[in-house]
Amino acid sequence: MSWDTVRLEWDGDVATLTVDRPDALNALNVETLEAMGEALEEAADEGARVLVLTGAGDAFIAGADIKYMRELSAEAAQDWGELGHDVADALKAFPAPTVAAVNGYAFGGGCEMALACDLRVAAESALIGNTEIDLGIIPGWGATQRLPRLVGDETARRMIFLGERLDAASAAEAGLFGEVVPDDDLTDVVGELADRLAAQPAFAMQTAKQAINQGLEGSQESGLAYEKRAFASLFGTHDQREGMAAFVEDRDPEFE
Ligand code: CO8
């Protein structure tokens, strides 16, 4: 499938989803969110081992499309909220690891899409923040829940209450980015990370991701219970036997 404002490209088993509306700094409108949802479904169906999310041009995603949003009724905003949540949830539940390659502005809904990814690598010129308060609204696609879990309560409250726009180094210090790299190196660094992730045993990777999600998106108690079940379910799989045999036999494993 192809879309006007989203590109899905493959490099081996690594799928890259690029939001491609550079004239609007990749702001997310209905068409783009729907396309993202379809592209994520396609990438999952075709067995992506890693999904990279990035933006075309100088921005990652400058947020939800304010020009579309400004006249919405409360009822329409409910549907709009659901649509963005569906995409963020699809990223969160994607069956393989997801990496946000934050190449520039990541504000509002853009920050929220990055938060819904498993890992975040930023270009040093990137700026990120939940700036919704400046528009008289609050984050509506997950940041009130996901940001505090990532950066801690105090920092998240400051960011959301003050609409702070953090530079990449400050965001990394807060725990929002795992890595900050020179702008020109972002694609290569994310590509290397994606290749390393893609080489890991897929079923164990998916299970680890689900266990972490379960704990972070629900209570710690339910997460620990899930971990107990999930951990046990990996025993007897090819990759568990092979991984442990390889350790004992002092050789590299050959995962399925
Ligand atoms: N929406 C629509 N258009 C945008 C957006 C946006 N979020 N951001 C930029 N654009 C457009 C501009 O209007 C401009 O278009 P045009 O050329 O037609 O005038 C073009 O992109 C370039 O933008 P600028 O000229 O402003 O570029 P600058 O380099 O001067 O500034 C900034 C870049 C700093 C990123 C600036 O554009 C900006 O502040 N943008 C808005 C950022 C923002 O506030 N984002 C949060 C939006 S709210 C949100 O995301 C809520 C999510 C949850 C919704 C849930 C609802 C239920």
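Everything here concerns the structure above.
Notes on the structure in this doc start here.

The rules behind these values
- Residues numbered from 1 in each chain as written.
- Predicted model: local features only at pLDDT ≥ 70, side-chain atom pairs only at ≥ 80, totals over all residues.
- Heavy atoms only, no water.
- Phe/Tyr/Trp six-rings, centres within 6.5 Å; stacked < 30°, edge-to-face > 60°.
- Buried < 20%, exposed > 50% of the residue type's maximum accessible area, 1.4 Å probe, protein only.
- Lys NZ or Arg CZ within 6 Å of the ring centre and 35° of its normal.
- Helix = DSSP H or I, 4+ residues; strand = E, 2+ residues; numbered from the N terminus.
- Expected span 1.5 Å × (residues − 1).
- Arc of directions from axis to C-beta.
- Core = buried A, V, L, I, M, F, W, Y, C linked by side-chain atoms within 4.5 Å.
- Contact = heavy atoms within 4.5 Å.

1. Remarks on the packing of aromatic side chains
- By the definition in use, this model includes three aromatic pairs.
- Here Tyr105 and Phe107 contribute two aromatic rings whose centre-to-centre distance is 5.6 Å and whose plane-to-plane angle is 35 degrees, an arrangement assigned as tilted.
- For Tyr105, a relative accessible area of 35% corresponds to the partly exposed category.
- Under the relative-accessibility criterion, Phe107 is labelled buried at 7%.
- Taking the ring centre of Phe107 as reference, the NZ or CZ of Arg165 above it sits at 4.3 Å.

2. Describing helix 10 (residues 220-233)
- Its 14 residues give helix 10 an end-to-end C-alpha distance of 20 Å, which sits within 8% of 20 Å, the value for a rise of 1.5 Å per residue.
- Gly223, Tyr226 and Ala230 are the residues of helix 10 that are buried. Down the axis of helix 10, the sector holding all buried residues measures 65 degrees, keeping them to one side. Exposed residues pointing more than 90 degrees away from the buried face of helix 10 are listed as Glu221, Lys228, Arg229 and Phe231.

3. Some details on the nonpolar core
- Counting 51 residues, the largest nonpolar core has Leu17, Leu33, Met36, Leu53, Val102, Met113 and Leu147 as the members making the most contacts within it.
- When residues in this core are grouped by element, the largest group, six residues, is from helix 1 (residues 30-45).
- Residues contacting Leu17, with those up to four places away along its chain left out, are Val6, Arg7, Leu8, Met36, Ala39, Leu40, Leu51, Val52, Leu53 and Thr54.
- Val99, Ala101, Leu193 and Ala198 belong to the second largest nonpolar core, which has 16 residues in total.

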